[in-house]
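# Working through the structure, step by step
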Amino acid sequence: MASDRLPIGDALSAHLDRFARIPEEIAALHRRMEGDQWEVMMTHPDLGALLEVLVRASGGRSVLEVGTFVGTSAAWMARGLEPTGHIDTLEADGERARRAEEFFAETGLADRIRVHRGPAEATLPGLPADAYDLCYIDADKPGYIGYLEHAVRVVRTGGLIVADNVLAGGRVALPEGERDANAAALVAFTEAATGDPRLRTAVLTVGDGVTLSVVL
Ligand SMILES: C[S@@+](CC[C@H](N)C(=O)[O-])C[C@H]1O[C@@H](n2cnc3c(N)ncnc32)[C@H](O)[C@@H]1O
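Quick caveat, the model's predicted, so the values are computed rather than measured.

The subject of this paragraph is unusual backbone geometry. Positive phi, normally seen in glycine, also occurs at Asp130, with a value near 55°. Turning to its location among the elements, Asp130 is positioned in the loop between helix 6 (120-123) and strand 4 (132-137). Taking the relative accessible area as the measure of exposure, Asp130 reaches 52% and is therefore exposed. For Ala168, which is not a glycine, the phi torsion comes out positive at approximately 45°. In this fold, Ala168 is placed in the loop between strand 5 (155-164) and helix 8 (181-195).

Turning our eyes to something else, we now look at helix 3 (residues 45-57). Here helix 3 spans 18 Å end to end across 13 residues, near enough to the 18 Å set by a 1.5 Å rise per residue. Pro45, Leu47, Gly48, Leu51, Glu52, Leu54 and Val55 are the residues of helix 3 that are buried. Along its buried surface, helix 3 packs onto helix 2 (24-33), strand 1 (62-66), helix 4 (72-78), strand 4, strand 5 and strand 7 (210-215). Trailing helix 3 by a residue or two, Gly59 shows a phi angle of about 115°, which is positive.

Turning our attention to the pairing of strand 5. In terms of burial, strand 5 is largely enclosed, as seven of its 10 residues are buried. Bridging between strand 4 and strand 5 involves five bridges; their strand directions are parallel. Following the sheet pairing, Tyr136 is matched in strand 5 by Val162. With helix 7 (residues 144-154) bridging strand 4 and the parallel strand 5, this β-α-β connection has right-handed handedness. In the sheet, strand 5 pairs with strand 7 via five bridges, with the strands oriented antiparallel. By the bridge assignment, Ala163 is partnered in strand 7 with Thr211.

So, about a nonpolar patch on the surface. A contiguous nonpolar surface patch, about 310 Å² in accessible area, is contributed by Leu6, Ile8 and Leu16. Within the fold, Ile8 resides in the segment before helix 1 (10-17). The class for Ile8 is exposed, based on a relative accessible area of 53%.

Calculation notes
- Residues numbered from 1 in each chain as written.
- Predicted model: local features only at pLDDT ≥ 70, side-chain atom pairs only at ≥ 80, totals over all residues.
- Heavy atoms only, no water.
- Helix = DSSP H or I, 4+ residues; strand = E, 2+ residues; numbered from the N terminus.
- Buried < 20%, exposed > 50% of the residue type's maximum accessible area, 1.4 Å probe, protein only.
- Expected span 1.5 Å × (residues − 1).
- Contact = heavy atoms within 4.5 Å.
- Pairing = 2+ DSSP bridges.
- Right-handed = clockwise from strand over helix to strand, strands pointing away.
- Patch = residues over 30% accessible without salt bridge, like charges linked within 9 Å, V, L, I, M, F, W, Y side chains within 5 Å.
- Areas by Shrake-Rupley, 256 points an atom, 1.4 Å probe, with all protein chains shown as cover.
- Salt bridge = Lys/Arg side-chain N within 4 Å of Asp/Glu carboxyl O.

The structure is reproduced here in structure tokens:
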């Protein structure tokens, strides 16, 4: 069995950058966030491009996001929507929700993306079952397992669940006792997603690591 994985060094990374097609409004958002202490939270363009494709491939009618921040990934996903498609995105932090709404208004996305303010744990139980083509999880890491349970309920059969940061910058590979709380939560989440009989899950090394699950 061929089990080697390709290391991505600087030269290969530069090669990949040649194929990155970052839309101007998202590139402008990255420029605006340069130097911000939370800039690293913005969804990596490689994953953004994948999300756009996945939204399109899964029907592009309705998308749920857990963790809006300034709206990077929601803007990528909006590019894959059908003309009548929409996104519900959940954000606990009021100032971040305001900034995302401002960005969506500036970029003509305000009527397609609704920001739900407050902790996702409070909003998720009120969302209808089987209503979404795709759910993207990108919020607090200890919450991931709970969000997965809601996602399995609200995503239709055949729909997709994507979760970001499952490699935690490589910290998931530390010995169990040396992992920080987020890395430990992401290992537990990856075990849950790959072991859940209601899902079929692949672990991808895109960006900071992603699980991609289809709901059976
Ligand atoms: C990694 S950032 C999301 C990045 C975003 N997807 C993007 O590409 O710009 C995580 C976000 O989740 C939010 N968050 C953390 N805990 C949350 C919770 N319990 N409910 C909703 N949002 C939460 C944080 O305030 C933060 O804005």
